[in-house]
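Structure assessment
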Amino acid sequence: MEALFTYSLKVAAVTAVLYLLWRILLRKETLHRLNRIILVLTPVLSMILPLCVITIHKTVSGQGPEAGTATGALEEVAQSSVNPWTIIGIIYLAGAALVLLRIAWSAIRLSSLIKKGEKHILEDGSTVVITGKDLPPFSWMGHIFMSRKDSKAGNREIILHEQAHIHLLHSMDILRTDILSAFQWYNPFIWALGADLRGVHEYEADEYVISNGTNPAEYQLFLINRAAMANGLSLVSGLQSGTIKGRIEMMLKSPTRRAAGLKALYIIPVIVLTLIACSKTISEYAPGEDSEPEEVAFQLVDEADLLPFSLVEEKPSFHGGDANEFSKWVNANLIYPKEAKDRSIQGRVTLNFTVTRTGKVKDVKVLRGVDPLLDNEALRVVSASPDWTPGNQKGRMVDVTYTFPVIFELR
């Protein structure tokens, strides 16, 4: 759960950066199609980029992973207290579920209106659904919803406006963005992005109406007269959607030069910086010219030494094996400090660490040290441990604490 929420926070950060840059650079431009594409792609990119982890292999000259012996371990069933990550995970998933339920409820209401309404198919293939309810005109997935009163009035602007939403597939934009927003429900930037996307949809629809011969001044007055109504359905595109003042201001603006679209290239450095931030480096050691092979001791764990403080039904496992498997991994990654070898410092560093119920190794500390050189190296290696398979007690995952000696011995 910790990994999921960490990923979600990375998504939120990338979303915030991409959205804020769009608001600064492009929001006031009349490049409606470009703005729509960017707003639709922003949540998609935000979810993909943190998953693209670039691994950089770095060759380090000098002593490679060698020397030392790791043996273990004593174990006990650890904290019975509630894991805070479990609480955070429940809250996060509950919020996402509520948003998805809201989307589903809107879809059910719309399906009910289609089923109960009086339907008329237009020449372009869209369907007008006349309802008995006093709702403002709106569209959704190929359907134009109108009250009986609006249908009798025969306003050409209403049909043109809603046909624009249908032809430009605005409902798909809204549905896709709303579903992605459910997994970022705590992020205010995703909701602001959704509102701006709906606004851009209205700019496109207004542009379509005017380009089809409607007088701009008359159309603007028409919008003002209908601005007070609302429909309360989250998935739809409607005549009253967006800020009327902003839509009229956008209609009155001079067309933006196409060269302004180059500002959209801000996405490229954001992608590059995100990939760099999410990358990881793996050091590969090459022997130096003056390095001399050292003979070191290696011991496997004696099962008799693995008596736990308190037994758990199923102990944690490392790479499918027992503590011996972890000992081998530690020995393969341990670097005997050169200064310690020069000074012939040897000994047993006793560590304490916890394998959490999520398989992470945490709270690594020295119980009995030898020398800071050896102590710090033992801490480094054990802290870098890959995930374990967590322990199990009475059918649930539990934290298990280990006492683990790391032996540094030269021959």
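Residues numbered from 1 in each chain as written. Predicted model: local features only at pLDDT ≥ 70, side-chain atom pairs only at ≥ 80, totals over all residues. Heavy atoms only, no water.

**Some points on helix α7 (residues 188-211)**
Heads up, the condition is: Where helices and strands are cited, they refer to DSSP runs of H or I of at least four residues and of E of at least two residues respectively, numbered from the N terminus. To estimate how far a helix should extend, the number of its residues minus one is multiplied by 1.5 Å. Pairing of N or O atoms within 3.5 Å defines a polar contact, subject to two protein rules: one partner must be a possible hydrogen donor and the other a possible acceptor, and residues neighboring in sequence count only if both atoms are side-chain atoms.
For α7, built from 24 residues, the straight-helix expectation of 34 Å at 1.5 Å per residue is met to within 8% by its first-to-last C-alpha distance of 35 Å. Of the residues that open α7, the one with a side-chain oxygen 3.1 Å from the backbone nitrogen of Phe 189 is Asn 187. Phi for Gly 213, located one or two positions after α7, is positive at around 95°.

**Comments concerning the confidence of the model for the chain**
Quick reminder of the rule: The pLDDT value expresses, per residue, how confident the predictor is, ranging between 0 and 100. Two residues form a contact once any of their heavy atoms are found within 4.5 Å.
Model confidence for the chain is summarised by a mean pLDDT of 80, while 81% of its residues fall at 70 or above. By mean pLDDT, strand β3 (residues 74-77) is the weakest element of the chain at 38, and helix α2 (residues 32-48) is the strongest at 94. Segment residues 62-81 is flagged for pLDDT under 50; beyond a separation of four residues in sequence, or across chains, it makes 100 contacts in the model. Residue range residues 289-310 is modelled with pLDDT below 50. Its contacts to residues more than four positions away, or to other chains, number 49 contacts.

**Some words on the packing of helix α5 (residues 156-167) against α7**
Spelled out, the test is: Only the contacting stretch of a helix is used when fitting its axis, a line to C-alpha atoms as for every element, and angles between N-to-C directions run 0 to 180 degrees. Each angle gets one of four labels, with under 35 degrees taken as roughly parallel, over 145 as roughly antiparallel, 65 to 115 as roughly perpendicular, and the rest as oblique. Crossing handedness is defined as follows: a turn of the near helix away from the far one that is anticlockwise and smaller than a right angle gives a left-handed crossing, while the clockwise case is right-handed. Only Asp, Glu, Lys and Arg are considered charged in this grouping, and only Ala, Val, Leu, Ile, Met, Phe, Trp, Tyr, Cys and Pro are considered nonpolar; every other residue, Gly among them, is considered polar.
Running from amino to carboxyl end, α5 crosses α7 at an angle of 125°, the nearest separation of the two axes being 8 Å. One way to sum up the angle between α5 and α7 is to call them oblique. In this structure, α5 meets α7 at a crossing whose hand is right-handed. Facing Glu 157, Leu 160, His 161, Ala 164, His 165 and His 167 of α5, the residues of α7 in contact are His 201, Glu 202, Ala 205, Asp 206, Tyr 208 and Val 209. Here the residues of the contact of α5 with α7 sort into five nonpolar, four polar and three charged.

**So, a positive patch on the surface**
Condition: Patch definition: residues with relative accessible area over 30% and no salt bridge; like charges joined within 9 Å; nonpolar side chains (Val, Leu, Ile, Met, Phe, Trp, Tyr) joined within 5 Å. Computed by Shrake-Rupley with a 1.4 Å probe, the accessible areas treat only the displayed protein chains as cover when residues are assessed. Basic side-chain nitrogens of Lys or Arg form a salt bridge, by our definition, when they fall within 4 Å of a carboxyl oxygen of Asp or Glu. Under the counting rule used here, the positive set is Lys and Arg, the negative set is Asp and Glu, and His together with the chain ends is not counted. One atom stands in for each charge, and that atom is NZ of Lys, CZ of Arg, CG of Asp or CD of Glu. For each residue, the accessible area found with a 1.4 Å probe, counting protein chains only, is set against the maximum for its type, and the residue is called buried under 20%, exposed over 50%, and partly exposed in between.
On the surface, a cluster of positive charge is contributed by Arg 109, Lys 115, Lys 116 and Lys 133. Mapped onto the secondary structure, Lys 116 falls in helix α3 (residues 84-116). On the basis of relative accessible area, Lys 116 is assigned to the exposed category, the value being 70%.

**A word on the pairing of strand β10 (residues 347-355)**
Filter applied, for reference: Two strands qualify as a pair provided DSSP detects at least 2 bridges between them.
The buried fraction of β10 amounts to seven of the nine residues, a majority that puts the element mostly inside the structure. Examined bridge by bridge, β10 and strand β14 (residues 400-408) share nine bridges and lie antiparallel to one another. From the neighbouring strand, Gly 347 faces β14, where its bridge partner is Phe 408.

**Section: the pairing of strand β5 (residues 127-131)**
On any regular strand, side chains alternate: one points to one face of the sheet, the next to the other face. Most of β5 sits out of view: five of its five residues are buried. Burial along β5 is two-sided: the face carrying Thr 127, Val 129 and Thr 131 and the face carrying Val 128 and Ile 130 are both buried. As defined by bridge partners, strand β4 (residues 118-121) adjoins β5 across four bridges and the pair is classed as antiparallel. Its bridge partner lying in β5, Glu 118 is registered against Ile 130. A loop of five residues connects β4 with β5, the two strands running antiparallel in sequence, and Gly 125 in this loop sits at a positive phi of about 95°.

**Structural notes on the packing of aromatic side chains**
Our working definition: Paired rings are identified among Phe, Tyr and Trp, the last through its six-membered ring, by centres lying within 6.5 Å, and are further divided according to the angle between planes into stacked (under 30 degrees), edge-to-face (over 60) and tilted (the rest).
Summed over all chains, the structure comprises 19 aromatic pairs. Seen in terms of ring centroids, Phe 5 and Tyr 92 are 6.0 Å apart; in terms of plane orientation they differ by 80°. Their pairing is edge-to-face. Taken together, the residues Phe 5 in helix α1 (residues 2-25) and Tyr 92 in helix α3 connect sequence positions 87 residues apart. Relative accessible area serves as the criterion here: at 6%, Tyr 92 is assigned to the buried category.

**Notes on the layout of surface pockets**
Applicable threshold: Only protein atoms enter the 1 Å grid used here. Points where a 1.4 Å probe fits but cannot escape make up a cavity, open sets with protein on both sides within 12 Å along at least five of seven lines make up a pocket, and a residue lines them when an atom lies within 4 Å of a point. Grid points are joined across faces, edges and corners, and a volume is the space filled by probe spheres set on the points.
There is about 410 Å³ of room inside the largest pocket. Taken together, 18 residues form the lining of the largest pocket, with Arg 27, Tyr 203, Gly 246, Arg 247 and Met 250 sitting closest to its centre. Elements that contribute at least two residues to the lining of the largest pocket include exactly α7 and α9 (244-252). Of all the elements, α7 adds the most residues to the lining of the largest pocket, at six residues. Class assignment of the residues belonging to the lining of the largest pocket gives a composition of five nonpolar, five polar and eight charged.

**Topic: the pattern of salt bridges**
Counted by the stated rule, this structure contains 17 salt bridges. For Glu 339, the salt bridge is made with Arg 343, and the minimal N-O distance between the two is 3.1 Å. Residue Arg 343 is classed as partly exposed on the basis of its relative accessible area, which comes to 48%. Of the charged contacts, one joins Arg 380 and Glu 377 as a salt bridge, the two residues approaching to 2.7 Å between their closest N and O atoms. Here Arg 380 pairs with Glu 377, and both are found in helix α13 (residues 372-383), just three residues apart, close to one helical turn. Taking relative accessible area as the criterion, Arg 380 reaches 39% and is therefore assigned partly exposed.

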